[in-house]
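Summary of structural features
Spelled out from the first residue to the last, the chains are:
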Amino acid sequence: MSDTLYLQLDANIEIHHPHVYLQDIARMSCTNPKLLNRLRVLPVIHLDPDRPGRYVMSVMDLVDLIRQKQPDLEITPLGEIDFILTYEKAAPRHIFFHFLKVGFVSLASFFGAGFSIMTFNTDADVASLFSRIYTQVTGKASGGFTILEICYSIGLGLGVLFFFNHFGHMKITSDPTPMQVQMRNYEDDVNATIIEDRNREDAQAKNPRQRPS
């Protein structure tokens, strides 16, 4: 009875070394522990150290590579068929620039959100609406700073807090935040686009269009 190797891959795998081995990009399980240890250190690809970027590979590349070493091994791929190797050089972390980026993003988000809210309030003429409601209910003229404006401001802040589902490092519930969901969707779309573009380039390289003579 031949041994079986189970191979699981993610859609996007981040690496920091140009010499890539099978254990760096795949989770593996095998019925033969000794064979599994040999496959872990199987070289997969050697990238140019001076060219960080994204490289598209297929699980069939790994299957062919493994079969060259173990032709009788039964391989069962799991997970993604095509995947991306994101090669980034390991750079020292500069705390100052890290806090600088966090501060810039925080200020841009704060003033951008504030500008959006003010634009909405101006377009909907919320101030005049509150003034008319206050006058109709109380019979007095609004001074522009009433219980309506106070409740609206508090409710707006609480609404944003509950919508984004976190405040600092604290989360209200264990569900992923809307920002995390959108970033995951964006990442999946980027990965799918990169893989599709690479597949089209490979198809065109194998079947070039013949120009009329």
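Residues numbered from 1 in each chain as written. Predicted model: local features only at pLDDT ≥ 70, side-chain atom pairs only at ≥ 80, totals over all residues. Heavy atoms only, no water.

1. Quick notes on the overall build of the chain
To be explicit about the condition: Each helix is a run of DSSP H or I of at least 4 residues and each strand a run of E of at least 2, with the numbering of both proceeding from the N terminus. To get the radius of gyration, use the C-alpha atoms; to get the globule rule, take the number of residues to the power 0.38 and multiply by 2.2 Å. For every residue, the accessible area (1.4 Å probe, protein chains only) is compared with the maximum for its type, and the residue is labelled buried under 20%, exposed over 50%, or partly exposed between those bounds. The contact definition used throughout considers only heavy atoms, calling two residues in contact when any of these lie within 4.5 Å. Surface accessibility follows the Shrake-Rupley procedure with a 1.4 Å probe radius. Residue values consider only the protein chains on display as shielding. Here Asp and Glu are counted as negative and Lys and Arg as positive; His is not counted, and neither are the chain ends. A charge is said to be at NZ when it belongs to Lys, at CZ for Arg, at CG for Asp and at CD for Glu.
From N to C terminus, the chain includes 7 helices and 10 strands. The C-alpha radius of gyration computed for the chain amounts to 28 Å, which surpasses the reference 17 Å derived for 213 residues by more than 25%, pointing to a less compact arrangement than a globule. Once the C-alpha set of the chain is aligned to its principal axes, its extents read approximately 90 × 60 × 40 Å. Relative to its 213 residues, the chain shows a buried fraction of 20%. When contacts within the chain are restricted to residue pairs at least 6 apart in sequence, long-range pairs at least 24 apart make up 61% of them. Total accessible area on the chain stands at roughly 16,100 Å², and carbon and sulfur atoms take up 59% of it. Within the chain, one finds 20 positive and 24 negative side-chain charges whose respective centroids are separated by 3 Å.

2. Some details on the nonpolar core
Operational definition: As used in this record, nonpolar core signifies buried Ala, Val, Leu, Ile, Met, Phe, Trp, Tyr and Cys residues forming a set joined through side-chain atoms within 4.5 Å.
Leu5, Leu7, Leu22, Ile25, Leu62 and Ile66 are the most contacted members of the largest nonpolar core, which totals 28 residues. Every element with two or more residues in this core is listed here: strand 1 (4-9), strand 2 (12-15), helix 1 (22-25), strand 4 (27-30), helix 2 (33-40), helix 3 (59-69) and strand 8 (82-87). Among the elements that take part in this core, helix 3 stands out by supplying 5 residues, more than any other. Ignoring any residue separated from it by four or fewer positions in sequence, one finds Leu22 in contact with Leu7, Met28, Leu39, Arg40, Leu42, Val44, Leu62 and Ile66.

3. Side note on the sheet that holds strand 2
Convention followed: Here, strands pair whenever DSSP counts at least two bridges between them. Axes here mean lines fitted to C-alpha atoms, for a helix over just the part in contact, with angles spanning 0 to 180 degrees between N-to-C directions.
An order of 2-8-6 is seen for the 3 strands of this open sheet, with the pairing classed as mixed. This sheet does not close on itself; its edge strands, each paired only once, are strand 2 and strand 6 (53-58). Strand-to-strand, the axes of this sheet are offset by a mean angle of 25°, without reference to chain direction. Strand direction decides the pairing type here: strand 2 and strand 8, joined by 4 bridges, are parallel. Each bridged residue has a counterpart across the sheet, and for Glu14 the counterpart in strand 8 is Thr86. Taken strand by strand, helix 3 contacts strand 6 and strand 8, and its axis lies near 65° from that of strand 6. Each of strand 2, strand 6 and strand 8 is contacted by helix 7 (residues 178-206), which is oriented at about 105° to strand 8, the strand it contacts most.

4. Notes on the environment of Leu35
By secondary structure assignment, the location of Leu35 is in helix 2. Taking C-alpha positions, Leu35 is 42 Å from Thr177, a pair spaced 142 residues apart along the chain. When near neighbours in sequence (up to four residues on either side) are disregarded, Leu35 contacts Asp3, Cys30, Gln70 and Leu73.

5. What to know about the pattern of salt bridges
If charged atoms from side chains of opposite charge come close, those side chains can pair. Stated formally: When a carboxyl oxygen of Asp or Glu is within 4 Å of a side-chain nitrogen of Lys or Arg, the pair counts as a salt bridge.
This structure, assessed with the given rule, holds 3 salt bridges. Of the charged contacts, one joins Asp50 and Lys89 as a salt bridge, the two residues approaching to 3.7 Å between their closest N and O atoms. Pair noted here: Asp50 is in the loop between strand 5 (43-46) and strand 6 and Lys89 is in the loop between strand 8 and helix 4 (95-124), with a separation of 39 residues, a long-range link. Salt-bridge contacts for Arg200 lead to Glu196; the nearest nitrogen and oxygen are separated by 3.3 Å. Here Glu196 and Arg200 lie together in helix 7, a separation of 4 residues that amounts to about one turn.

6. Regarding the layout of surface pockets
For clarity, the cut-off: Definitions used throughout: a 1 Å grid over protein atoms alone; a cavity as a set of points that fits a 1.4 Å probe which cannot get out; a pocket as an open set with protein on both sides within 12 Å along at least five of seven lines; a lining residue as one with an atom within 4 Å of a point. Grid points are joined across faces, edges and corners, and a volume is the space filled by probe spheres set on the points. By the convention adopted, Pro, Cys, Tyr, Trp, Phe, Met, Ile, Leu, Val and Ala count as nonpolar, Lys, Arg, Asp and Glu as charged, and the other residues, Gly among them, as polar.
Of the voids in this model, the largest pocket is the one considered here, and its volume is about 870 Å³. At the level of secondary structure, the elements contributing two or more residues to the lining of the largest pocket comprise helix 4, helix 6 (147-164), strand 9 (166-167) and helix 7. By residue number, the principal contributor to the lining of the largest pocket is helix 4, which donates 9 residues. Looking at side-chain class alone, the lining of the largest pocket contains 12 nonpolar, 8 polar and 1 charged residues.

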